[in-house]
Amino acid sequence: NPVLLNLGMGGPGGGGFFNSTEFRPLEEHFTVVNWDEPGTGKSYGAVPFDELDRERFVADATELTNHLRERFGQDKIYIYGVSWSSIIGIWLAQEHPELFHAFISSGQMVNTTENDRMGYELALEHLEEQGDTGRAEKLRENGPPPYYGDAVVWPYVDFLDVLNEMMGIPRYTLVVPLLGLLVPEYGYVDTINHTRGLINSFNAVYPQLEDLDFVEQAPTLEVPVFFFVGRHDVNAMPSLVEEYFDELSAPEKRLIWLEGGHGLGSADNKDLFVDVMLDEVRPLSQ
């Protein structure tokens with residue numbers, strides 16, 4: 001079977017085991033590998049946080065890719081990213097297209113600063129409509145992103161939690177400490193390290209993405225690209241993904257609309273994901 005490398009969840013620092021259930025229906029057709037990036041989960045402490053940057057993530061993911069190619073006797077593999085790790089996926093496809101059959105993503109990030117400003121305005125508008133004056137005032141005190149300092153995660157979480165509520169998803173502040181308990185591969189220490197790693201990784205890495213803009217920085221990719229896009233996503237803004245898709249030059253590209261947010265939680269979205277992966281993505285390795 002071809003190898004599918006899951007680069008992990010959002011963050012930075014989300015790790016690769018929490019969305020592994022999305023790939024269960026594909027495991028008869030792909031060898032699925034989940035990756036805890038340096039700085040989180042089972043890779044917590046592998047690298048000092050002040051050494052986490054684009055070069056480190058790309059270098060480690062490339063080394064892992066080459067290990068998988070050698071171990072499973074493959075010339076190329078597939079890579080999948082979601083939210084933050086979709087950024088790593090674009091970087092990898094840019095720098096090492098010869099290693100990959102295709103890049104697949106959901107919740108694709110394109111321009112983090114513009115995306116966050118749009119999300120902040122939506123969250124503030126939502127709170128005002130709901131009459132939640134306390135939280136709305138907190139957002140006004142924070143001001144629009146980007147944020148600076150040693151603990152930038154908290155003003156981001158203030159409006160991201162609101163966006164999650166709008167999509168019917170639990171707040172990060174509620175769900176993140178519990179995520180590790182749902183991962184069979186994690187022990188108690190891994191669960192704690194995942195939460196610590198997510199906070200520390202975000203603080204160290206996210207400010208580095210302030211000038212990210214793939215429309216300008218990655219207008220051409222030399223691998224096939226498949227974007228799964230939530231029609232009503234308010235975390236990874238579909239308008240930005242659609243704009244990038246229209247501008248993107250690639251050997252093959254597909255934009256697949258999902259109902260609701262960017263996740264694959266609904267049965268219909270899961271079925272669509274599996275169908276595309278088996279009917280359109282997997283044949284690229286044959």
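Look above for the structure.
For the structure given in this document, a descriptive report is provided here.

So, the overall build of the protein chain
Reasoning step 1: Tallying secondary structure elements over the protein chain gives 10 helices and six strands in all.
Reasoning step 2: For the protein chain, the C-alpha radius of gyration of 18 Å lies close to 19 Å, the compact-globule estimate for 286 residues.
Reasoning step 3: C-alpha atoms of the protein chain, sized along the principal axes, occupy 55 × 40 × 35 Å.
Reasoning step 4: For the protein chain, with 286 residues in total, the buried portion stands at 54%.
Reasoning step 5: Long-range pairs, those at least 24 residues apart, make up 73% of the contacts in the protein chain between residues at least 6 apart in sequence.
Reasoning step 6: Counting every atom, the protein chain has about 12500 Å² of accessible surface; 49% of that belongs to carbon and sulfur.
Reasoning step 7: With 18 positive and 47 negative side-chain charges, the protein chain shows a spacing of 5 Å between the two charge centroids.

Notes on the packing of aromatic side chains
Centre-to-centre distance and the angle between the planes together describe a pair of aromatic rings.
Reasoning step 1: Applying the stated rule across the entire model yields 19 aromatic pairs.
Reasoning step 2: Centre to centre, the rings of Tyr 120 and Phe 159 are 6.1 Å apart; their planes meet at 85°, and the pair counts as edge-to-face. One end of the pair, Tyr 120, is in helix H3 (residues 112-130); the other, Phe 159, is in helix H5 (residues 153-166), with 39 residues separating them in the sequence.
Reasoning step 3: What makes Tyr 120 buried here is its relative accessible area of 4%.
Reasoning step 4: On the accessibility criterion, Phe 159 (0% relative accessible area) is buried.
Reasoning step 5: On the numbers, 5.4 Å between centres and 65° between planes, the contact of Tyr 156 with Phe 202 is edge-to-face. With a gap of 46 residues between them, Tyr 156 in helix H5 and Phe 202 in helix H7 (residues 188-205) connect regions that are remote in the sequence.

Remarks on the nonpolar core
Reasoning step 1: The biggest cluster of nonpolar side chains holds 64 residues, and the ones touching the most others in it are Leu 5, Phe 159, Phe 214, Phe 227 and Tyr 244.
Reasoning step 2: Residues in contact with Leu 5, not counting those within four places in the same chain, are Val 33, Trp 35, Leu 64, Thr 65, Leu 68, Ile 77, Tyr 78, Ile 79 and Tyr 80.
Reasoning step 3: Core analysis: the second largest hydrophobic core is formed by 20 residues, Phe 23, Tyr 78, Tyr 80 and Ile 104 among them.

A short note on the pattern of salt bridges
Reasoning step 1: Inspection of the entire model under this criterion finds 12 salt bridges.
Reasoning step 2: Salt bridges sharing partners connect three or more residues here, namely Asp 132, Arg 135, Glu 165 and Arg 171.

Side note on the sheet that holds strand S4 (residues 100-106)
Reasoning step 1: The sheet built from six strands is open, its strands ordered S2-S1-S3-S4-S5-S6 with parallel pairing. The sheet is open, and its two edges are formed by strand S2 (31-34) and strand S6 (253-258), each paired on a single side. Adjacent strand axes in the sheet meet at a mean angle of 20° when their direction is disregarded.
Reasoning step 2: By the bridge criterion, three bridges tie strand S1 (residues 3-6) to strand S3 (residues 77-82) in an arrangement that is parallel. Looking at the pairing, Leu 4 lines up with Tyr 78 of S3.
Reasoning step 3: In the packing of helix H2 (residues 84-95) onto the sheet, the strands contacted are S3 and S4, and the crossing angle to S3 comes to about 145°.
Reasoning step 4: Together, strand S5 (225-230) and S6 form the strand contacts of helix H9 (residues 238-247), whose direction differs from that of S6 by roughly 160°.

Considerations on the packing of helix H4 (residues 133-142) against H5
Reasoning step 1: Between H4 and H5, whose axes approach to 9 Å, the crossing angle comes to 140°. Relative to H5, the element H4 is oriented oblique. Once H4 is placed against H5, the crossing between them reads as left-handed. Here Arg 135, Lys 138, Leu 139 and Asn 142 of H4 lie close against H5, whose contacting residues are Pro 155, Asp 158, Phe 159, Asp 161, Val 162 and Glu 165.
Reasoning step 2: Across the contact of H4 with H5, the residue classes tally to four nonpolar, one polar and five charged.

What to know about the packing of helix H1 (residues 54-72) against H2
Reasoning step 1: In contact at an axis separation of 10 Å, H1 and H2 are set at 70° when each is read in the N-to-C sense. By the criterion of interaxial angle, the relationship of H1 to H2 is roughly perpendicular. Contacts between H1 and H2 involve Arg 54, Phe 57, Val 58, Ala 61 and Thr 62 from the first element and Trp 84, Ile 88, Trp 91, Leu 92, Gln 94 and Glu 95 from the second.
Reasoning step 2: Of the residues contributing to the contact of H1 with H2, the split by class is seven nonpolar, two polar and two charged.

Quick word on the side chain of Ser 85
Reasoning step 1: Residue placement: Ser 85 occurs in helix H2.
Reasoning step 2: Of the residues examined, Ser 85 reaches a relative accessible area of 0% and is grouped as buried.
Reasoning step 3: Other than its neighbours up to four places away in sequence, Ser 85 contacts Leu 7, Gly 8 and Met 9.

About the criteria used
- Residues numbered from 1 in each chain as written.
- Predicted model: local features only at pLDDT ≥ 70, side-chain atom pairs only at ≥ 80, totals over all residues.
- Heavy atoms only, no water.
- Helix = DSSP H or I, 4+ residues; strand = E, 2+ residues; numbered from the N terminus.
- Rg over C-alpha atoms; globule rule 2.2 N^0.38 Å.
- Buried < 20%, exposed > 50% of the residue type's maximum accessible area, 1.4 Å probe, protein only.
- Contact = heavy atoms within 4.5 Å.
- Areas by Shrake-Rupley, 256 points an atom, 1.4 Å probe, with all protein chains shown as cover.
- Lys, Arg positive; Asp, Glu negative; His and termini not counted.
- Charge placed at Lys NZ, Arg CZ, Asp CG, Glu CD.
- Phe/Tyr/Trp six-rings, centres within 6.5 Å; stacked < 30°, edge-to-face > 60°.
- Core = buried A, V, L, I, M, F, W, Y, C linked by side-chain atoms within 4.5 Å.
- Salt bridge = Lys/Arg side-chain N within 4 Å of Asp/Glu carboxyl O.
- Pairing = 2+ DSSP bridges.
- Axes fitted to C-alpha atoms, helices over the stretch in contact; angles between N-to-C directions.
- Parallel < 35°, antiparallel > 145°, perpendicular 65-115°, else oblique.
- Left-handed = near helix turned anticlockwise from the far one by under 90°.
- Nonpolar A, V, L, I, M, F, W, Y, C, P; charged D, E, K, R; others polar.

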